[in-house]
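# Descriptive analysis of the structure
So the chains spell out like this:
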2 protein chains.
Amino acid sequence: MKAPRYTDLVTRLPAIVPFVGPETQERARGAKFAARLGANESVFAASPKAIAAMQAAAPDIWMYADPENYDLKQALAAHHGVGVENIVVGAGIDGLLGGLCRMLLGDGARVVTSHGAYPTFNFHVAGYAGQLHTVPYLHDAEDPKGVLDMAEKVDASLIYFANPDNPMGSFHTADVMQNMIDNVPAGAVLCLDEAYVEFAPKGTAPLLDIENPNIIRMRTFSKAYGMAGARVGYAIGAAGLIAAFDKVRNHYEMNRAAIAGTLAALEDQGYLEQIVQKVTAARGRIGDIARENGLSPLPSVTNFVTIDCGRDGDYAKALVGEMLARGVFIRMPFVAPQNRCIRVSAGRSQDLDLFAAALPAALEAIK
Amino acid sequence: MKAPRYTDLVTRLPAIVPFVGPETQERARGAKFAARLGANESVFAASPKAIAAMQAAAPDIWMYADPENYDLKQALAAHHGVGVENIVVGAGIDGLLGGLCRMLLGDGARVVTSHGAYPTFNFHVAGYAGQLHTVPYLHDAEDPKGVLDMAEKVDASLIYFANPDNPMGSFHTADVMQNMIDNVPAGAVLCLDEAYVEFAPKGTAPLLDIENPNIIRMRTFSKAYGMAGARVGYAIGAAGLIAAFDKVRNHYEMNRAAIAGTLAALEDQGYLEQIVQKVTAARGRIGDIARENGLSPLPSVTNFVTIDCGRDGDYAKALVGEMLARGVFIRMPFVAPQNRCIRVSAGRSQDLDLFAAALPAALEAIK
């Protein structure tokens, strides 16, 4: 007997969960959260048609899903006005980010992201031996020029940029993003994570350009469509880049009922619009609650509001802890100076009532 | 604009789907199959309790599943008499095989499998730059001694062995497998794929030994539990090996409703026993149909029967084509001499009626 021979890279990697789930925290505290406002899930739930489609598909779960995900790709292609060959479906944006990193990152390939942006992307970069370079946020938003300058400087193979941004809720206009796309350094791929784009003002997303091999757009059914637990994300890009995913992906990765659900959800655009309206209203109320408690909500075009607590990361962390102890699951940005904030997902009236009730006591407890 | 810089490995890899799905074939022929007996799915369907659990969980799909899959791991740990730390859950055995290859295979690491065994394993080996060495089948079964000898000879980091075997349906007893486990060369990990073990005679699986870091056992809800479309597999192994999966896996990979379904399926062991009985009866009937048509069914302890057509691979391939043209989806082994056979999954009476009706005409067509 002798230990397995892990790769050098895997030996060096930490065994972590990039985002600790609320269930882990619930097990630790021995009680469920009363309000689940920490993971930017859609408390408003998926379209009833999507739920019904999943329920109708449940008896068919004995069959594998189509490994080509053809029907969903065709529906998405029609929805976005691109070809089936321009779409790859995967287990959430998380899964697709892993595939993209695997395709582009060899030992020491350079990658640029914002400092404090998506930890799961960084997890995949480390997992495929990429060398991560970060650029600070500028005025609580990602900095397109700073990111591009860094990409040029380090000769990056991959750039990650989220628009709208998580965890800050800020966004750039389509013009700014188009300018960024036009200036991606030669040989780099810009991964534009648009998980929250359905919540943003119309026209936030620049036009899709499926001829450009240096940009890939990532979308998801986890946020506005309210299907985080289904694990269905997709990417839109040039046919060559999209085809390369077939070299590395787990072709039998997708849940059959989830595919049926997303097909129904995509058709129910009226429901999506209602959700966007409800989220907009919820953002307003979260802002009001924050201000009533002397905190400063940041502008947001997403399904969450990031709230400046006016002090340092330790203070915000203590506040998150007090909220969790009161049964309200929220999260916060990971790095300074954004970690002066807490992040609260949009919720129904009853969820925000619980948030409003817990916040004054939580603030009092850390005064 | 300049092409993305793929890794050298990815540049070399073919963009393939290791198993073409029946849906692709249905699209090509412009009609659905009348009998789906090619993918070793369970036409008998999942437990009604599992289906009900997935339907009940559908409205909750707005929530991510627990990234630690704690409840399912706990239930599996209790079921198998091991610890939670000895189990990792993933998107089918396919997904777990990918993770295992990623952990153990660097450039040129040697891997041993049987010639004509699981193509998806080979896909992952290629995808992580492993060097594949194959050992022929012996009497239509995998050859434990041959595989171990090759592993010793090439100083393998990873060995793949399925018991019972797919695509041949053969198996080795627990004693033979225990002997194989005891003789795994130092520094190698034996991946024992037991996807079909629930169908095999009691005692086919050697005892679990969670102290041994050189063996990992893979199980699935796709076969006997009838939940292929759910994408839930798991591996059982030493705590250190299992923990290493956290370094590389997509933590938010699992479908929330699928987890609820597998929990219910695991509890419904009575249903599982009924399925095993139905599959046993179906195997008998497939054998009878084969013999009535002058073909020779091989012994099987799985949910399929591999049928020796008595001629070469071209003949069996032509027969598969004729069956597909008659609306009966079946498959066949990929390499000689096993490709003299066709492979037919267990089905309900009505499925096997279609098989029985199509076979004589298909044979006549290629006479």
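Right above here is the structure, for reference.
For the structure given in this document, a descriptive report is provided here. Since we're looking at a predicted model, the values are computed, not measured.

What counts as what
Residues numbered from 1 in each chain as written. Chains lettered and ligands numbered in written order. Predicted model: local features only at pLDDT ≥ 70, side-chain atom pairs only at ≥ 80, totals over all residues. Heavy atoms only, no water. Pairing = 2+ DSSP bridges. Helix = DSSP H or I, 4+ residues; strand = E, 2+ residues; numbered from the N terminus. Contact = heavy atoms within 4.5 Å. Buried area = accessible area lost by both parts, 1.4 Å probe. Salt bridge = Lys/Arg side-chain N within 4 Å of Asp/Glu carboxyl O. Polar contact = N/O pair within 3.5 Å; in protein donor to acceptor, adjacent residues only side chain to side chain. Nonpolar A, V, L, I, M, F, W, Y, C, P; charged D, E, K, R; others polar. Buried < 20%, exposed > 50% of the residue type's maximum accessible area, 1.4 Å probe, protein only. Least-squares fit on C-alpha atoms with pLDDT ≥ 70 in both. Axes fitted to C-alpha atoms, helices over the stretch in contact; angles between N-to-C directions. Expected span 1.5 Å × (residues − 1).

## Considering the sheet that holds strand E10 (residues 304-308) of chain B
Across the sheet, which stays open at both edges, the 3 strands sit in the order E9-E10-E12 (chain B) with antiparallel pairing between neighbours. Each edge of the sheet is formed by a strand with only one pairing partner; in this case those strands are strand E9 (296-297) and strand E12 (341-345) of chain B.

## Thoughts on the interface of chain A and chain B
Contacts between the two partners involve 89 residues from chain A, matched on the other side by 89 residues from chain B. Summed over both sides, the interface between chain A and chain B buries roughly 7,300 Å², with carbon and sulfur atoms accounting for 57% of that surface. Three residues stand out in chain A for area buried against chain B, namely Arg5(A), Trp62(A) and Tyr64(A), and they jointly supply 12% of the buried area on that side. Run the count over chain A and chain B and you get 8 salt bridges. For the salt bridge of Glu23(B) with Arg256(A), the shortest nitrogen-to-oxygen distance reads 3.9 Å. At the surface where chain A touches chain B, the tally comes to 45 residue pairs in polar contact (both at pLDDT 80 or more). Contributing elements (two or more residues each) for the side of chain A that touches chain B: helix H1 (8-12), helix H2 (22-29), helix H3 (48-57), helix H5 (92-104), helix H6 (119-127), helix H9 (239-244) and helix H10 (256-267) of chain A. At 5 residues, the largest contribution of residues to the side of chain A that touches chain B is made by H5(A). Here the side of chain A that touches chain B is built from residues that sort into 49 nonpolar, 20 polar and 20 charged.

## With respect to the pattern of salt bridges
In total, this model carries 36 salt bridges over all chains according to the counting rule given. Between Glu23(A) and Arg36(A) there is a salt bridge; the shortest N-O distance is 2.9 Å. Taken together, the positions of Glu23(A) in helix H2 and Arg36(A) in strand E1 (residues 35-36) put the pair 13 residues apart, joining distant regions of the chain. Like Arg36(A), Glu23(A) is buried. A salt bridge links Arg27(B) to Asp66(A); the shortest N-O distance between them is 3.0 Å. Of this pair, Arg27(B) sits in helix H2 (residues 22-29) while Asp66(A) sits in the loop between H3 and helix H4 (70-80), placing the two residues on different chains. Owing to a relative accessible area of 12%, Asp66(A) belongs among the buried residues under this scheme.

## Some remarks on the side chain of Asp66(A)
Within the structure, Asp66(A) has its side chain in polar contact with the backbone nitrogen of Glu68(A) (distance 3.0 Å). At 3.0 Å, the side chain of Asp66(A) and the side chain of Arg27(B) are in polar contact. Leave out the neighbours within four places in its chain, and Asp66(A) touches Glu23(B), Thr24(B) and Arg27(B).

## Overview of the relation of the copies chain A and chain B
With an axial shift of 0.0 Å and an RMSD of 0.0 Å, the rotation relating chain A to chain B amounts to 180°. The superposition of one copy onto the other is thereby described by a two-fold rotation axis. Among all residues of chain A, the minimum C-alpha distance to the rotation axis is found for Gln55(A), at 2.3 Å.

## What to know about the environment of Asp140(A)
Residue and element names in this part refer to chain A. Counting through the fold element by element, Asp140 comes out in the loop between strand E4 (131-135) and helix H7 (144-154). In sequence terms Asp140 and Phe199 are 59 residues apart; their C-alpha atoms lie 19 Å from each other. If we skip the residues at most four places from it in the chain, Asp140 touches Met168, Ser170, Leu298, Gln338 and Arg340.

## Description of the sheet that holds strand E5 (residues 158-162) of chain B
Sheets are built from strands paired through backbone hydrogen bonds, the pairs being either parallel or antiparallel. Residues and elements named next belong to chain B. Pairing is mixed across the open sheet formed by 7 strands, whose spatial order is E2-E8-E7-E6-E5-E3-E4. For this open sheet the edge positions go to strand E2 (87-90) and strand E4 (131-135), each flanked by a neighbour on one side alone. In this sheet, adjacent strand axes meet at a mean angle of 20° when their direction is disregarded. The pairing of E2 with strand E8 (residues 233-237) spans 4 bridges and is antiparallel. Following the sheet pairing, Val88 is matched in E8 by Ala235. Along the sheet, helix H4 (residues 70-80) makes contact with E2, strand E7 (215-220) and E8, crossing E2 at roughly 130°.

## Here's the deal with the side chain of Asn303(B)
Residue and element names in this part refer to chain B. For Asn303, the position within the fold is in the loop between E9 and E10. Among the polar contacts made by the side chain of Asn303, one reaches the main-chain carbonyl oxygen of Asn40 at a distance of 3.0 Å. Sequence-distant contacts of Asn303, that is, excluding residues within four places in its chain, are made with Asn40, Glu41, Tyr196, Phe199, Val279, Ser345 and Ala346.

## Digging into helix H11 (residues 269-292) of chain A
Residues and elements named next belong to chain A. With 24 residues, H11 ought to run about 34 Å at 1.5 Å a step, and its terminal C-alpha atoms sit 35 Å apart, in line with that. Along H11, the residues classified as buried are Tyr271, Leu272, Ile275, Val276, Val279, Ala282, Arg283, Ile286, Gly287, Ile289 and Ala290. On its buried side, H11 packs onto H3, strand E9 (296-297), strand E10 (304-308), strand E12 (341-345) and helix H13 (349-365). Of the residues flanking the end of H11, it is Gly294, one or two places downstream, whose phi is positive at about 80°.

In short, geometric facts, not functional conclusions.
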